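# Architecture and fold: a report
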Amino acid sequence: MTTQAGEARAGNAASRTPSPDPDTDPASAAAAATQLSATRGGEKQGLAERAALGLFILVPFTALLVAVPVAWGWGLGWTDVAITVAMYFLTCHGITVGYHRYFTHGAFKANRPMRLAMAVVGSLAVEGPLVRWVADHRKHHRFSDKDGDPHSPWRYGESVPALLKGLWWAHMGWMFDEEQTPQLTYAPDLVRDPAIRRISRLFWLWTLISLLLPPLIGGLVTLSWTGALSAFFWGSLVRVGLLHHVTWSINSICHAVGRRPFRSRDRSGNVWWLAVLSCGESWHNLHHADPTAARHGVLPGQIDSSARLIRWFELAGWVRDVRWPDAQRIAARRAA
Ligand SMILES: [Zn+2]
Ligand SMILES: [Zn+2]
């Protein structure tokens, strides 16, 4: 009972605010869509958009593959390590604390500067404009592993070949689907906030800043062009590639394998070996059992750096009304 209420709350966050119904009022819906578009593309993905998406996936991924022999052969400087680790965890938490726990699920409330800062830092992860990300993810919770889920690994069935194909779909394939999640239906709360709309539309700028910041720092620290170039390789390309695949692993791996100590309507699992790299998001079974909880790693020893960060923000007074799961709430969601 409680599980379903939680899921419904997360999935239906969109429907709390009434939005124009395109069936009954096409003119107003069309007008609203142009006025309130939070991203540059429409609801159908065009060829150019798809090509750009492919490029943004392929280039960091290639860098990720090349990174291994480069680190092996020429060594890896401490400046690059520091820049890469800092940028990785900054942008990872931008996604987990900002895009996911705050904007998608409302696990806490934030003051205005904090809200805008989370929108920008999340955008630096190069995982797409804020409003699109949130709309896709709310739809994922609404239909998790059923018809309508944008990225379920069980889409093609239960056999091994079907699951392999499904894992590929859940990991990356789904992003190339022509059909886009309608943002006004799933994220009207964000579409109606002009500042958030602006930040979402400026996604190209955040991408540029995210890619140029590491070489700028690397160049200034080492006072050399080679320092800037290697910081670009590690801190921009390899970092973006790694975070992409870790984030997508939550959609693919964490819906196919993992322990399921909590009751949820889907196949979400807790995957311990992704906990540090995913900033606590791989405790995905608990997340689907209690989507609005600010902490996902609720059992002893489950590392959840995002929850730690939210606690610090709470102590600083920047966020409030945090939905911390208490013992009773956790116990109620335990699998029998
Ligand atoms: Zn999920
Ligand atoms: Zn979620």
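Residues numbered from 1 in each chain as written. Chains lettered and ligands numbered in written order. Predicted model: local features only at pLDDT ≥ 70, side-chain atom pairs only at ≥ 80, totals over all residues.

### Here we look at the overall build of the protein chain
- A tally of helices and strands in the protein chain yields 15 helices and two strands.
- Looking at the protein chain as a whole, 44% of its 336 residues qualify as buried. (Helix = DSSP H or I, 4+ residues; strand = E, 2+ residues; numbered from the N terminus. Buried ≥ 20, exposed ≤ 12 C-beta atoms within 10 Å, placed from the backbone.)

### Quick word on the nonpolar core
- Counting residues in each nonpolar core, the largest one holds 64 residues, and the members touching the most others are Leu130, Val131, Val134 and Leu190.
- When residues of this core are assigned to their parent elements, the largest contribution, 11 residues, is made by helix α12 (residues 225-252).
- With residues up to four places along the chain from it excluded, the contact list for Leu190 reads Ala38, Phe103, Leu130, Val131, Val134 and Ile196. (Core = buried A, V, L, I, M, F, W, Y, C linked by C-beta atoms within 7 Å. Contact = placed C-beta atoms within 7 Å.)

### Quick look at the environment of Leu211
- In this fold, Leu211 is placed in helix α11 (residues 203-222).
- Taking the C-alpha atoms as reference points, Leu211 and Ala231, separated by 20 residues in sequence, lie 9.9 Å from one another.

### Side note on the environment of Val276
- Turning to its location among the elements, Val276 is positioned in the loop between α12 and α13 (284-289).
- Remark: the alpha-carbon pair of Val276 and Ser305, spanning 29 residues in sequence, is separated by 7.5 Å.

### What about helix α14 (residues 305-316)?
- Its 12 residues give α14 an end-to-end C-alpha distance of 17 Å, which sits within 8% of 16 Å, the value for a rise of 1.5 Å per residue.
- Of the residues making up α14, those classed as buried are Ser306, Ala307, Ile310 and Phe313. With its buried residues spanning 115° around the axis, α14 presents them on a single face. In α14, the exposed positions that point more than 90 degrees away from the buried face belong to Trp312, Leu315 and Ala316.
- Tucked into the core, α14 has its buried residues touching α4 (78-104), α5 (112-123) and β2 (319-320).
- Just past α14, the residue Gly317 takes up positive phi, approximately 85°. (Expected span 1.5 Å × (residues − 1). Arc of directions from axis to C-beta.)

### Considering unusual backbone geometry
- Residue Val126 is not a glycine yet carries a positive backbone phi of 55°.
- Considering the arrangement of structural elements, one finds Val126 in the loop between α5 and α6 (130-143).
- For Val126, a count of 20 C-beta atoms within 10 Å puts it in the buried group.
- Here Leu223, not a glycine, exhibits a phi torsion of approximately 50°, which is positive.
- Tracing the backbone shows Leu223 in the loop between α11 and α12.
- With 8 C-beta atoms counted inside 10 Å, the residue Leu223 sits in the exposed group.

### Quick notes on α6
- Counted at 1.5 Å a residue, the expected span for α6 with its 14 residues is 20 Å, and the 20 Å between its end C-alpha atoms agrees.
- With respect to burial, α6 is a largely interior element, 13 of its 14 residues being buried.

All quantities given are derived from atomic positions and should not be read as evidence of function.
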